[in-house]
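Listed below are the residues making up each chain.
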Amino acid sequence: MALCHLLNTLYPPHCLACSTPVRRAGLLCAACWTNTPFIDGLACDHCGTPLPGPLEDAPVHCDDCLRIARPWSHGRAALVYSDSARRLVLALKHGDRHDIAAPAARWLARRCAGLIRPDTLIAPVPLHPTRLFQRRFNQSALLARALAQVLARPACPDLLRRIRRTSSQDGRTREGRFENMQGAIAAHPRHAARITGRHILLVDDVMTSGATLAAAAEACFAAGADHVDVAVMARAKRQI
Ligand SMILES: [Zn+2]
Ligand SMILES: [Zn+2]
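Residues numbered from 1 in each chain as written. Chains lettered and ligands numbered in written order. Predicted model: local features only at pLDDT ≥ 70, side-chain atom pairs only at ≥ 80, totals over all residues. Heavy atoms only, no water.

### A look at helix H4 (residues 83-94)
An ideal rise of 1.5 Å per residue puts 16 Å on twelve residues; H4 measures up with 17 Å between its terminal C-alpha atoms. Every buried residue of H4 is accounted for by Ser84, Ala85, Leu88, Val89, Ala91 and Leu92. Seen along its axis, H4 keeps its buried residues to an arc of 165 degrees; they face one direction. Those residues of H4 that are buried are in contact with helix H2 (30-34), strand S1 (75-80), helix H5 (101-112), helix H7 (139-151), strand S5 (199-207) and strand S6 (227-235). Just downstream of H4 lies Asp96, where phi reads positive at about 55 degrees. (Helix = DSSP H or I, 4+ residues; strand = E, 2+ residues; numbered from the N terminus. Expected span 1.5 Å × (residues − 1). Buried < 20%, exposed > 50% of the residue type's maximum accessible area, 1.4 Å probe, protein only. Arc of directions from axis to C-beta. Contact = heavy atoms within 4.5 Å.)

Here is the structure:
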């Protein structure tokens, strides 16, 4: 405790998204909290995108999910990918801000608590080894590990792997994104037995078209998963 106090005095904790001092590490300051688009009301049951209207008992779906077949059952997102949320995602991904993973996992855990089963296994969407080498870490694996801790369920960081290199999804049409990802992900043979008959919760930082998560979910089913849900830190609003 004394050491903690000393560290706080030497390095006072500051807001996750700006330099404003805060009470303890892992918090947003009041201004950034207001500017962070948390999803806490009615949302699409497949992709987590917020929808207008009061909460409903029956699941509701957004226009995208009514048009595109999602191979998974339920999807949850903590944030809309804009404003401070976008900065937090980019800082986690490119800025070596690993400290963002734990608070993001707490926000996400609140959204997906109702999906958790006794046999849930939490796994990240994999990066291709070349990209993993360049970036040195997989931000989705950091999120998956932190989420597993909050939800007290096991995580398997290399449950899935990329079996071919895909070019960037940027600038592609929605159809192009799905084509680009088709068959790009498979269960790691070492873990195939862990997937059989099990509930898999896939974790990614951002869902845009959902093509990468679809490829990952299909890989789980190909390896015998009983049920697949997805959880993302942020849901990008329709731009493509
Ligand atoms: Zn702030
Ligand atoms: Zn949706």
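### Some remarks on unusual backbone geometry
Phi at Asp83 takes a positive value of approximately 45 degrees, unusual for a residue other than glycine. As for its position among the elements, Asp83 is in helix H4. With a phi angle near 55 degrees, Asp96 is a residue other than glycine that sits in the positive phi range. Here Asp96 is to be found in the loop between H4 and H5.

### Digging into the coordination of the zinc ion (ligand 1)
Around the zinc ion (ligand 1), the protein contributes the donor atoms Cys15 (SG), Cys18 (SG), Cys29 (SG) and Cys32 (SG), at 2.3 Å from the metal centre. Bound by four donor atoms, the zinc ion (ligand 1) shows angles of 104 to 113 degrees at the metal and therefore tetrahedral coordination geometry. Read from N- to C-terminus, the donor residues coordinating the zinc ion (ligand 1) fall into the pattern C-x2-C-x10-C-x2-C. With a gap of eleven residues between them, Cys18 in the loop between helix H1 (2-10) and H2 and Cys29 in the loop between H1 and H2 connect regions that are remote in the sequence. Exposure remark for Cys18: the relative accessible area of 28% places this residue in the partly exposed category. (Donors = N, O, S within 2.8 Å, 3.2 Å for Na, K, Ca; no water. Tetrahedral: all angles 85-135°; square planar, octahedral: opposite > 155°, others 65-115°.)

### Examining the sheet that holds S5
Across the sheet, four strands lie side by side as S1-S6-S5-S2; this open sheet has parallel pairing. Only two strands of the sheet have a single neighbouring strand rather than two, namely S1 and strand S2 (120-124). On average, each strand axis in the sheet is inclined to that of its neighbour by 20 degrees, with strand direction left out of account. Across eight bridges, S5 lies against S6 in parallel orientation. The residue bridging Val203 from the neighbouring strand is Ala231, located in S6. Lying over the sheet, H7 contacts S2, S5 and S6, oriented at roughly 130 degrees with respect to S5. Those strands touched by helix H10 (residues 211-222) are S5 and S6, and its axis lies near 165 degrees from that of S5. (Pairing = 2+ DSSP bridges. Axes fitted to C-alpha atoms, helices over the stretch in contact; angles between N-to-C directions.)

### Thoughts on the packing of aromatic side chains
As enumerated under the stated definition, the model contains two aromatic pairs in all. For the pair Trp33 and Phe38, a centre-to-centre distance of 4.4 Å together with 35 degrees between the ring planes defines the contact as tilted. With centroids separated by 5.0 Å and ring planes inclined at 90 degrees, the aromatic side chains of Phe38 and Trp107 adopt a geometry described as edge-to-face. Remark: Trp107 occurs in helix H5 and Phe38 occurs in the loop between H2 and helix H3 (63-67); sequence separation between them is 69 residues. According to the relative accessible area criterion, Phe38 is partly exposed, its value standing at 21%. Residue Trp107 is classed as buried on the basis of its relative accessible area of 8%. (Phe/Tyr/Trp six-rings, centres within 6.5 Å; stacked < 30°, edge-to-face > 60°.)

Keep in mind these numbers describe shape, not what the thing actually does.
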